[in-house]
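# Overview (structure and organization)
One-letter residues, chain by chain:
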Amino acid sequence: MADAKKRVVVLGGGPGGYVAAIRAAQMGGRVTLVEKDAMGGTCLNRGCVPTKFLIHATDILWQANHAQEMGLSFGDATIDLARMMKRKEAIVDRLRSGVDYLMKKNRIEVVRGTGSLLGQGRVAVGGTQPKALDADRVIIATGSQPASIPVKGAGEKGVMNSNEVLSLTQYPASMTIIGGGVVGVEFAQILNRLGTRVTIVEMMPRILPGEDEEISSLLRDLMRKEGIEVYVNARVTAMRNGGPGKTSVLFGDGAGEKEVSSERVLVAVGRKPYVEGLGVEKLGMALTKEGRVAVDDHMETNVKGIYAIGDVLGRSMLAHVAMAEGICAAENAMGRARRMDYTVVPRCVYSSPEVAGVGLTEAEAKVRHGDGNVITGRFPFVGNSKGVITDETSGMVKIVAESRYRQVLGLQMIGPHATELIAEAGLAIRLEATMEEIASTIHAHPTLSEAIAEASLEGVGRGLHI
Ligand SMILES: Cc1cc2nc3c(=O)[nH]c(=O)nc-3n(C[C@H](O)[C@H](O)[C@H](O)COP(=O)(O)OP(=O)(O)OC[C@H]3O[C@@H](n4cnc5c(N)ncnc54)[C@H](O)[C@@H]3O)c2cc1C
């Protein structure tokens, strides 16, 4: 039974923290949330929300410039970046007010300031009005910050991180992006569509290294076709002044030393969990070898009653994972015994075309189940009526299943609205559905979702439109 008198203190008001606070309040907790900056955290203020707005806006621009084939002409599309950024701020403000409203609605006390752990059951809040809070349970949700790259010249004038790019009031003529992960790829397309000459320098053999190989290669080819230069296997060794208004990035890519000069450099090499200053050492809190807070399956640290969730764990740095971990931690803090389940975590890249995946990739499934025990089904969007109607035929769906019952293990796709379509695959995996069950579910026509049904049909040897 939930203890109505439990005092829960949440450190950090990002998607992990504020969702944890709501869940603990729903279960009868007396909840205080401590936030040192803006409610909504990285996701709302400097991450998911502003980037997806800029992707949406620049996509419209791209579509306007390519509408002639449909018999539509809008003249020369122009960009007012100041207005675009103002709109972005208005959207962020609106959603931030929504979070403030949810705090009030759930009677969550919000304290402004920097929180740290004073001892078991005590939290200090620094800032203009320092105070100490008593807590039966603490949930650490302090998130992360952009990681820097440890090379000479990383402090050059033109070098920036993702927070700074989102505050640009003028887009640069050229930008080198170090890192071809999700953040690097999304910014590359935003900037390219705004007219910036973009170069990506990625250390791994491919961009989006965690995604299915076929899919990341297809995206790389499409990005190159759009005019984005992509170097892979390229390790950055230094940065230096590249002449007036330019910064040079030096890297080796197997074929020798190379140098790219551009007006700005975006470092998008990952994120660093916010652990410093929290006081974890005082409590003897265990950290992972990478220096992140370590938790068990219940999201509890080795210090009883103190939980940690979201980016600060450095596991799957995604807003929806932070929220799911927040719910799990809050329920456990309020007396339940829930385990966090990471089987169904959608991974989405809001590129053009979009990339999404859930569950195991073909390669991962083969490692786990054995080469001969895995089957796949594929379907290209070129065979999908809706894709042809909207002229979005680049891409494909790949479904992965074990061969005995054909139970779905994973689905990866690249194509229009992939980030929306992936929800069907997540539910299928969660409900242990088979390829036949997806294939025999009637999908509306003409819709992009038919591509998922068709890939499943193809997997069981009954493809119709291929
Ligand atoms: C450019 C970019 C784009 C992204 N796009 C997506 C996307 O499309 N989809 C997606 O799922 N994820 C995306 N992410 C990742 C997502 O933003 C994070 O995974 C998510 O915000 C993590 O949530 P969190 O609650 O753990 O931490 P955060 O959102 O970082 O929130 C932590 C909060 O804690 C506060 N805080 C820190 N220390 C203290 C302290 N000591 N006391 C009080 N408060 C403190 C911080 O000010 C912050 O508000 C993106 C990230 C970036 C950078």
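Overview of the structure. (Residues numbered from 1 in each chain as written. Predicted model: local features only at pLDDT ≥ 70, side-chain atom pairs only at ≥ 80, totals over all residues. Heavy atoms only, no water.)

## Focus: the environment of G115
Mapped onto the secondary structure, G115 falls in strand β4 (residues 114-119). Considered as a pair, G115 and G155 are 40 residues apart in the sequence and their alpha carbons are 29 Å apart. Residues contacting G115, with those up to four places away along its chain left out, are L11, V34, A124, V125 and L278. (Helix = DSSP H or I, 4+ residues; strand = E, 2+ residues; numbered from the N terminus. Contact = heavy atoms within 4.5 Å.)

## Brief notes about helix α4 (residues 81-105)
Over its 25 residues, α4 extends 36 Å from the first C-alpha to the last, a length consistent with the 36 Å expected when each residue adds 1.5 Å. Burial in α4 covers these residues: L81, M84, M85, K88, V92, V99 and M103. Buried residues in α4 make contact with α1 (15-26), β2 (30-35), α2 (41-46), α3 (48-65), β3 (109-112) and α6 (182-194). The positive-phi residue at the C-terminal boundary of α4 is R107, with phi of around 55°. (Expected span 1.5 Å × (residues − 1). Buried < 20%, exposed > 50% of the residue type's maximum accessible area, 1.4 Å probe, protein only.)

## Observations regarding the pairing of strand β1 (residues 7-11)
Counting buried positions over the 5 residues of β1 gives 4, a clear majority of the element. Note that the unit made of β1, α1 and β2 has a crossover that is right-handed. Relative to strand β7 (residues 137-140), β1 is paired through 4 bridges, and the arrangement is parallel. The residue bridging V8 from the neighbouring strand is R137, located in β7. (Right-handed = clockwise from strand over helix to strand, strands pointing away. Pairing = 2+ DSSP bridges.)

## Side note on the pairing of strand β6 (residues 131-134)
Both strand β5 (residues 122-126) and β6 contribute to a ladder of 4 bridges, which runs antiparallel. What sits directly across from V123, in β6, is L133. Between β5 and β6, which pair antiparallel and follow one another directly, the connecting turn spans 4 residues, one of which, G127, has a positive phi of 135°.

## A short note on the site of the ligand
Near the ligand, the surroundings consist of 39 residues, among which E35, T42, K52, G115 and D311 are the closest. Between an oxygen atom of the ligand and a side-chain N or O atom of T42, the distance comes to 2.6 Å. In the environment of the ligand, an oxygen atom lies 2.9 Å from a nitrogen or oxygen atom belonging to the backbone of A319. Looking at the shell around the ligand, the elements with two or more residues in it are α1, β2, α2, α3, β4, α6 and α8 (319-333). When grouped by side-chain class, the residues that make up the shell around the ligand number 14 nonpolar, 18 polar and 7 charged. (Near = heavy atom within 4 Å. Polar contact = N/O pair within 3.5 Å; in protein donor to acceptor, adjacent residues only side chain to side chain. Nonpolar A, V, L, I, M, F, W, Y, C, P; charged D, E, K, R; others polar.)

## Things to note about the environment of A255
Positionally, A255 belongs in the loop between β14 (247-252) and β15 (257-262). Considered as a pair, A255 and K131 are 124 residues apart in the sequence and their alpha carbons are 58 Å apart.

## Description of the packing of α3 against α4
Orientation of α3 relative to α4, taken along the N-to-C sense of each, is 135°, at an axis distance of 10 Å. By the angle between their axes, α3 is oblique relative to α4. As α3 runs across α4, the sense of the crossing is right-handed. The segment α3 lies against α4, with V49, P50, F53, L54 and A57 engaging M84, M85, R87, K88, I91, V92 and L95. Residue composition of the contact of α3 with α4, grouped by class: 10 nonpolar, no polar and 2 charged. (Axes fitted to C-alpha atoms, helices over the stretch in contact; angles between N-to-C directions. Parallel < 35°, antiparallel > 145°, perpendicular 65-115°, else oblique. Left-handed = near helix turned anticlockwise from the far one by under 90°.)

## Considering the sheet that holds β5
One open sheet holds the 3 strands; their spatial order is β4-β5-β6, and the pairing between them is antiparallel. In this open sheet, the two strands that pair with only one neighbour each are β4 and β6. Here the strands of the sheet are splayed against their neighbours by 30° on average, with no regard to which way each runs.

## Details of the side chain of S262
Along the chain, S262 turns up in strand β15. Sequence-distant contacts of S262, defined by excluding residues within four places in its chain, comprise S174, M175, T176, G245, K246 and T247.

## Thoughts on the packing of α3 against α6
Across the interface, α3 lies against α6 with an axial gap of 9 Å and an inter-helix angle of 40°. By the criterion of interaxial angle, the relationship of α3 to α6 is oblique. Crossing geometry of α3 relative to α6 is assigned as left-handed. Only E186, F187, I190, R193 and L194 of α6 make contact with α3, whose side of the interface consists of T51, K52, L54, I55, T58, D59, L61 and W62. Each residue belonging to the contact of α3 with α6 can be placed in one class, and the counts come to 7 nonpolar, 2 polar and 4 charged.

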